[in-house]
Amino acid sequence: MFYDTLRVDFLVEVLNLIDENIKLQKRKNYVLLAEKSYLDSKKKKAIGFYKKALEFSNKDEYIDTLFNIALIYDELEFFSESIGTYKKILNIDKNKPGAYYGIGIIEERLGNLDRALEYFFKAIEKDKNYDRAYYFAANIYDLKNEKEEAIRLYKKVIRLKDDDYHAYNNLGSLYEEMGKYDLAFKMLKKSVDINPEFYKSLFNMGVIYNRLKSKKESLKYYYKALKYNKKYHYIYLNISAIYIENKEYNKAIDILTEGIENNPSKEDLYYNRACCYSILEFEEKAIKDIRKSLILNPSIIRFVEKDKDFYNLYNNRNFKKIIKKIK
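Quick caveat: nothing in here was measured; it's all calculated off a predicted structure.

Chemist: Whenever I open this one, the pattern of salt bridges confuses me. Can you help?
Modeler: Side-chain pairs of opposite charge can arise whenever the charged atoms involved come near each other. As enumerated under the stated definition, the model contains 19 salt bridges in all. The partner of Lys122 in a salt bridge is Glu118, with the nearest N and O atoms 3.4 Å apart. In this pair, Lys122 and Glu118 are both assigned in helix α6 (residues 113–126), four residues apart and thus about one turn of the helix distant. The partly exposed category is assigned to Lys122, whose relative accessible area is 29%. Across the pair Glu176 and Arg211 runs a salt bridge whose closest N-O atoms are separated by 2.8 Å. Placement of Glu176 in helix α9 (residues 165–177) and of Arg211 in helix α11 (residues 199–211) is noted, with a sequence separation of 35 residues between them. On the basis of relative accessibility, which here comes to 13%, the residue Glu176 falls in the buried class.

In structure tokens:
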């Protein structure tokens, strides 16, 4: 029996094409199911569908799908599984900077700062322009109190991404801590110019203006920051400190009360309000706030017993009881 070789080859090619199309469609369906599950907050189910999609993926698709799985594991705080998935990617292709970066992010979250740095720099080794790897490496050096290295890396970030208002803000904060207020002001102003609604930059501008003895401007920026984040309790604290310094105790009480309503578990807000109540001789209110602040953080007893703002309470029986009980 004789066969037409060209016809057989053609049929094989058609069958292979059909098979590839079937695989492509199956992968597409599983990916769609995974994406829908993710959007429905069924993240474990999404992982299951992505794993099914792996069975019908080529190399590039396989790696992309593993990245999705690793990210979801991270979101679920299944950190070992996430790291394991990133390592699977690196076993396939060791030149994927995103996988090193992903491991670095998790190691930082777990408090393994040196290990995180190692992975961030591996990501940078594979991609010299990986601005996020520089950024988070800078954050770690800041945490390690290695300020000069943090500054060097943040500067690298803004050379790569000149609209990174977070990096400008962090640089400004570092310069403020170092007493370099002119440089701090310059960096923070740049951050605010890029994003006028970023509360951290607005707050830090308030800090700088206060350092520069411009309390009016300082308050203006603190209140701007408050507009965008009512949960950042340091804003209320810093505003109250200016009012207390100006002996505007009722204004301080008002802003601290607002702060407590939005941040009921922050002991320093109760503490500062207690100081104001004590100065104004509202003893019962002062003692109530002292008691609440100590419930939230008993270690501040060392401040309570020595704070001159509580002078009016030194002979108060309930105040003495609180001191004795905590000690």
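Don't stop here, the text continues.
Chemist: Hey, could you run me through the packing of helix α8 (residues 147–160) against α9 in this one?
Modeler: The relative placement of two packed helices is expressed as an angle between their axes plus a distance between the axes. Running from N to C, α8 and α9 point in directions that differ by 155°, and their axes come no closer than 9 Å. Relative to α9, the element α8 lies roughly antiparallel. Crossing handedness for the pair α8 and α9: left-handed. Mapping the contact onto sequence places Lys147, Ala150, Ile151, Tyr154, Lys155, Val157 and Ile158 in α8 and Ala167, Tyr168, Asn170, Leu171, Leu174, Tyr175 and Glu177 in α9. Of the residues contributing to the contact of α8 with α9, the split by class is 10 nonpolar, one polar and three charged.

Chemist: Sorry, what's going on with the environment of Tyr168 here?
Modeler: Tracing the chain through its elements places Tyr168 in helix α9. Between the C-alpha atom of Tyr168 and that of Leu188, which follows or precedes it by 20 residues, the distance is 6.2 Å. If we ignore the near neighbours within four places in the chain, the residues touching Tyr168 are Ile158, Asp162, Met187, Leu188, Lys190, Ser191 and Ile194.

Chemist: What is the right way to look at the layout of surface pockets in this model?
Modeler: The rolling of a water-molecule-sized probe over the atoms marks out the regions of remaining empty space. In this structure, the largest pocket encloses a volume near 220 Å³. Elements with a minimum of two residues in the lining of the largest pocket: α7 (131–143), α9 and α11. Here the lining of the largest pocket is composed, by residue class, of five nonpolar, five polar and three charged.

Chemist: Mind showing me how you'd approach the nonpolar core here?
Modeler: What tends to happen in soluble globular proteins is that the nonpolar side chains get buried as a cluster. Grouped together as the largest cluster of nonpolar side chains are 99 residues, with contacts concentrated most on Tyr86, Tyr154, Ile235, Ile290, Val304, Phe310 and Phe319. Look past the residues within four positions of Tyr154 in its chain and what remains in contact with it is Tyr135, Ala138, Asn139, Ala167, Asn170, Leu171 and Leu174.

Chemist: Help me understand the side chain of Ser201, please; the structure alone is not making it clear to me.
Modeler: Within the fold, Ser201 resides in helix α11. A polar contact of 2.5 Å, which involves the side chain of Ser201, links it to the side chain of Ser191. Every residue in contact with Ser201, bar those within four places of it in the chain, is listed here: Tyr165, Asn169, Leu188, Ser191 and Val192.

Chemist: Please clarify how helix α13 (residues 233–245) should be interpreted in this entry.
Modeler: In an α-helix, one full turn covers 3.6 residues, which means residues spaced three or four apart are oriented alike. The terminal C-alpha atoms of α13 lie 19 Å apart, and with 13 residues this matches the ideal 18 Å at 1.5 Å per residue to within 8%. Looking at the buried residues of α13, the elements they touch are α11, α12 (215–228), α14 (249–262) and α15 (267–279). Of the residues flanking the end of α13, it is Lys247, one or two places downstream, whose phi is positive at about 65°.

Chemist: How should the state of the cysteines be read in this particular structure?
Modeler: Here, the word disulfide means a covalent bond between the sulfur atoms of two cysteines. Under the counting rule described, the total for this entry stands at zero disulfides. The cysteine Cys275 is free of any disulfide, with Cys276 supplying the nearest cysteine sulfur at 6.7 Å. Exposure remark for Cys275: the relative accessible area of 4% places this residue in the buried category.

Each value, and the rule that gives it
- Residues numbered from 1 in each chain as written.
- Predicted model: local features only at pLDDT ≥ 70, side-chain atom pairs only at ≥ 80, totals over all residues.
- Heavy atoms only, no water.
- Salt bridge = Lys/Arg side-chain N within 4 Å of Asp/Glu carboxyl O.
- Helix = DSSP H or I, 4+ residues; strand = E, 2+ residues; numbered from the N terminus.
- Buried < 20%, exposed > 50% of the residue type's maximum accessible area, 1.4 Å probe, protein only.
- Axes fitted to C-alpha atoms, helices over the stretch in contact; angles between N-to-C directions.
- Parallel < 35°, antiparallel > 145°, perpendicular 65-115°, else oblique.
- Left-handed = near helix turned anticlockwise from the far one by under 90°.
- Contact = heavy atoms within 4.5 Å.
- Nonpolar A, V, L, I, M, F, W, Y, C, P; charged D, E, K, R; others polar.
- 1 Å grid on protein atoms, 1.4 Å probe; cavity = no way out; pocket = protein on both sides within 12 Å on 5 of 7 lines; lining within 4 Å.
- Points joined across faces, edges and corners; volume = space filled by probe spheres on them.
- Core = buried A, V, L, I, M, F, W, Y, C linked by side-chain atoms within 4.5 Å.
- Polar contact = N/O pair within 3.5 Å; in protein donor to acceptor, adjacent residues only side chain to side chain.
- Expected span 1.5 Å × (residues − 1).
- Disulfide = S-S within 2.5 Å.

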